[in-house]
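Structure at a glance
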Amino acid sequence: MTVVTRFAPSPTGYLHVGGARTALYSWLYAKSKGGKFVLRIEDTDIERSTQAAIDAILEGMQWLGLDWDDGPFYQTERFDRYNELIDQLLAEGKAYKCFMPAEELDAIREQQMANGEKPRYPGTWRDRTDHPVDQPYAIRFKTPQEGSVVIKDHIRGDIEIANSELDDLIIRRTDGAPTYNFCVVVDDWDMGISHVVRGEDHINNTPRQINILQALGAPIPEYAHVSMILGDDGKKLSKRTNAVGVMEFRDDGYLPEALLNYLVRLGWSHGDQEVFTKEEMIELFSLDAIGQSASAFNTDKLIWLNQHYIKTMPATEVAEHAKWHFEQQNIDLSNGPALEDVIEIQADRVKTLKELAEISAYFYQEYESFDAKAAKKHLRPVAKEALVLVQSKLAALTEWSTESIHNAINETAEELEVGMGKVGMPLRVAATGSGNSPSLDLTLNLLKPTQIEQRITKALEYIANRENS
Ligand code: GLU
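This report concerns the structure included in the present document. Everything numeric in this text was worked out from a predicted model, so none of it was measured. (Residues numbered from 1 in each chain as written. Predicted model: local features only at pLDDT ≥ 70, side-chain atom pairs only at ≥ 80, totals over all residues. Heavy atoms only, no water.)

Some words on the overall build of the chain
Note the following rule: Helix numbering and strand numbering both begin at the N terminus, where a helix is a DSSP run of H or I of at least 4 residues and a strand a DSSP run of E of at least 2. Atoms considered for the radius of gyration are the C-alpha atoms alone. The globule rule reads 2.2 Å times the number of residues to the power 0.38. Relative accessible area decides the class of each residue, using a 1.4 Å probe on protein chains only: under 20% of the type maximum gives buried, over 50% gives exposed, and in between gives partly exposed. Only heavy atoms matter for contacts: two residues are in contact if any of them lie within 4.5 Å across the pair. The Shrake-Rupley method, run with a 1.4 Å probe, gives the accessible areas here. Residue values count only the displayed protein chains as cover. A positive count includes Lys and Arg, and a negative count includes Asp and Glu. His and the chain ends are not counted in either. The atom standing in for a charge is NZ when the residue is Lys, CZ when it is Arg, CG when it is Asp and CD when it is Glu.
Per the secondary structure count, the chain includes 19 helices and 12 strands. Relative to its length of 469 residues, the chain is extended, with a C-alpha radius of gyration of 32 Å against a globular reference of 23 Å. Taken along the three principal axes of its C-alpha coordinates, the chain extends 110 × 45 × 40 Å. Taken across its 469 residues, the chain has 49% of its residues classed as buried. Of all intrachain contacts in the chain linking residues separated by at least 6 positions in sequence, the fraction that spans at least 24 positions is 75%. With the model as given, the accessible surface of the chain reaches about 22,400 Å², and the carbon-plus-sulfur share is 48%. The average position of the 49 basic charges and that of the 73 acidic charges among the side chains of the chain differ by 4 Å.

Structural data, given as C-alpha cells:
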C-alpha cells in the first residue's frame, strides 16, 4: 500500500502551532514510509475563508520546510465533483431530499433539549415520497440505523460508535452547497488518502465520514487523532499566554529547525532523545508512538532547542534565516563582514536570531551611543593612556588578523604595566559600544581598521567631555 497523508487546514486564520504539529506528523509519516503528502485547503466556508489566511498557511508551511508532493487543492474548485456524487447517492437511495423548514427543525430541537434528549434530526423525510413541488430542500445522508462504526485509531486504539447515536446529516444545503463532512470524504477518497492524521476535535466527524465512505464504496483510511496543545499555564493555548501563530515564532527569532524539533517532541517520543535532525525524525517517527494526553507548551524548552540549533547548525544555514532579522532591524549587511563570520563568534551568546541581530548591529553600522553603564565604568580618564597607545599600535599594523590584534593589545598592557582588562574593557566599549562582546581579537578582526580608529577617537572624546564637565 502506498502511504498518502494530507494536511487539510481551513483558511480562517494563520497557521497555529497545533496545526503545524498535525501537519508535521502527517508529513513525517508520509516521508517515513516513502509515501506522498498532500496539501488541501478546505475553503468551503466561504464567509470565513480568506486569501490572507491561505497565504499565511502556505507561508508557514514553507517556512517550516513542510513541502507537499501534491496540491494545494482547493475544495471550492471541486464542487462539481461533490455534486456528482451527491446526485449518485440520491439516485441509489442512499441519500434523500429533506423539505423540513429550518423553523420546524429548530422547534423539534428545542423540544428535544427540553426533554433532556440530544438534539437530532428525527428522519422525518427519510422514507417520504410525497415531495412538494417548487419547495427548497436539503439533501441528507441515510445513516445506517443499525450496527456501529469502529474507528481504528493509531493513537487511541479502536473507538466504537453506535449508528443510533448519529442522525442523518445534511450533505447538500438548501442553497446547493455541499457540506464539510461530505467534501472531506470525497477528497480523501479521490486523493487516495491512506492515513488521516488530524486534531482530536474531529473525532465526532469520523464515524459520519466512515459511513459516507462506505456508502460510496470507497476504502476506509486509517486514522490518528492527535491531542491538543495546552499553553505554558496548562490552559488552552491562547494568544494571551503564548505565541501561537507559526510566523510569530519566526518573528521572535526562532529557527524553523528548532520549532519542528520542539513540536515533534510535543506528543511524540523516542526514548529520552530530545534533539532530532529532520532525517532522524523521518527515520524514527511512528504514529503509534504518539501519546494520547494533551501536551503543555514549554517555552523554556523551545528556547533551549533554539540555542542548540543556533550553536550547532552550520553558520551559513543560520545566516539564511538570520538575514531577515537584520533587515527587520534596518541593518544593512552589505556594510560589514560576512554574516556567517559574525554568527561563528556570536552564536553561543544568543537565544534567538532576533537577539543575534540586536547584539551584532555594531558590525554593520555605527552604534548610536555607548551603553551608559559600560561607559561609566570603563571610559574613565585612567583609560585614556591605554586607548591612545592601543589605537596607535592597531593603526600601525600591516596585517589585520586575530593574531596581530591580539599582540597589539598584549603589548599595550605590557608597556603600560597594567592588566589586560585595563586595556581590553575600554577598547571593547570603544569598539562595540557595550561591555559585552566575543573576545576582542575575534571581534576587532571582523571590523575594519578605520572603524576601530574612529571609534577609539570617539571614546577618547567621551572621556575628554567627562573630564571637562
Ligand atoms: N479543515 C479541518 C481543520 O482545519 C481539518 C479537517 C481534517 O483534517 O479532516 O480543522
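Topic: the packing of aromatic side chains
As a reminder, the rule being used: Stacked, edge-to-face and tilted are the three classes for Phe, Tyr and Trp ring pairs, Trp counted by its six-membered ring, which pair at centre distances within 6.5 Å; planes under 30 degrees apart are stacked, over 60 edge-to-face, the rest tilted. Note on geometry: a ring has a charge over it if NZ (lysine) or CZ (arginine) is within 6 Å of the ring centre and within 35 degrees of the ring normal.
Scanning the model with the defined rule gives 13 aromatic pairs in all. Taken together, a centroid distance of 5.9 Å and an interplanar angle of 40 degrees make the contact between Phe249 and Phe297 tilted. Taken together, the residues Phe249 in helix α7 (residues 246-251) and Phe297 in the loop between β12 (295-296) and α10 (299-312) connect sequence positions 48 residues apart. What links up through ring pairs into an aromatic cluster is the set Tyr25, Trp268, Phe276 and Phe285. Over the ring of Tyr367 we find Lys458, and its NZ or CZ is 4.2 Å from the ring centre.

Here's the deal with the site of the ligand
Basically, it comes down to this: The criterion for a residue being near a molecule or strand is simple. One of its heavy atoms has to lie within 4 Å of it. In protein, a polar contact means a hydrogen-donor-capable atom and an acceptor-capable atom, both N or O and within 3.5 Å, with residues adjacent in sequence counting only if both atoms are side-chain atoms; elsewhere, any N or O pair within 3.5 Å suffices. Classification used: nonpolar for Ala, Val, Leu, Ile, Met, Phe, Trp, Tyr, Cys and Pro, charged for Asp, Glu, Lys and Arg, polar for all others including Gly.
With respect to spatial proximity, the complete set of residues near the ligand consists of Arg6, Ala8, Pro9, Ser10, Glu42, Tyr180, Arg198 and His202. Contact distances for the ligand include 2.8 Å between a nitrogen atom and a side-chain N or O atom of Ser10. Between the ligand and the protein, one listed contact pairs an oxygen atom with a side-chain N or O atom of His202 at 2.8 Å. Relative to its unbound accessible surface of 290 Å², the ligand loses 82% to contact with the protein. Its residues assigned to classes, the shell around the ligand shows 3 nonpolar, 2 polar and 3 charged.

Description of the sheet that holds strand β8 (residues 170-172)
Quick reminder of the rule: Think of it this way: DSSP has to see at least two bridges between two strands before they count as a pair. Comment: axis = line fitted to C-alpha atoms, over the contacting stretch for helices; angle = value between 0 and 180 degrees taken between N-to-C directions.
Reading across the sheet, the 3 strands line up as β4-β5-β8 and stay open at both edges, with antiparallel pairing between neighbours. In the strand order of this sheet, the two ends are held by β4 (95-98) and β8, each with one partner. For this sheet, the mean angle separating the axes of adjacent strands, direction not counted, is 45 degrees. As paired strands, β4 and strand β5 (residues 138-141) are joined by 4 bridges and run antiparallel to one another. Pairing of Ala95 across the sheet is with Phe141, part of β5. Here helix α3 (residues 79-91) sits on the sheet and contacts β4, β5 and β8; the angle it forms with β8, its principal contact strand, is near 125 degrees.

Structural notes on the environment of Val246
Secondary-structure assignment places Val246 in helix α7. In this structure the C-alpha to C-alpha distance between Val246 and Ile57, which are 189 residues apart in sequence, comes to 8.9 Å. When sequence neighbours within four positions are dropped, the list of residues in contact with Val246 reads Leu15, His16, Val17, Ala20, Gly60, Trp63, Leu64 and Leu259.

Quick look at the pattern of salt bridges
The criterion, for reference: Salt bridges, as used here, are contacts in which a Lys or Arg side-chain nitrogen is within 4 Å of a carboxyl oxygen on Asp or Glu.
All chains considered together, the criterion is met by 27 salt bridges. Between Asp70 and Lys36 there is a salt bridge, with its nearest N and O atoms 3.2 Å apart. Here Lys36 lies in strand β2 (residues 36-41) and Asp70 lies in strand β3 (residues 70-74), a separation of 34 residues in the sequence. A relative accessible area of 28% means that Asp70 is categorised as partly exposed. Assessed through its relative accessible area of 33%, Lys36 is described here as partly exposed. In this structure, the salt-bridge partner of Glu467 is Lys384, at a minimum N-O distance of 3.3 Å. You can see Glu467 sitting in helix α19 (residues 449-468) and its partner Lys384 sitting in helix α15 (residues 384-395), a full 83 residues away along the chain. Classification of Glu467 by relative accessible area gives partly exposed; the value is 40%. In this structure Lys384 comes out as partly exposed when scored by relative accessible area, which is 33%.

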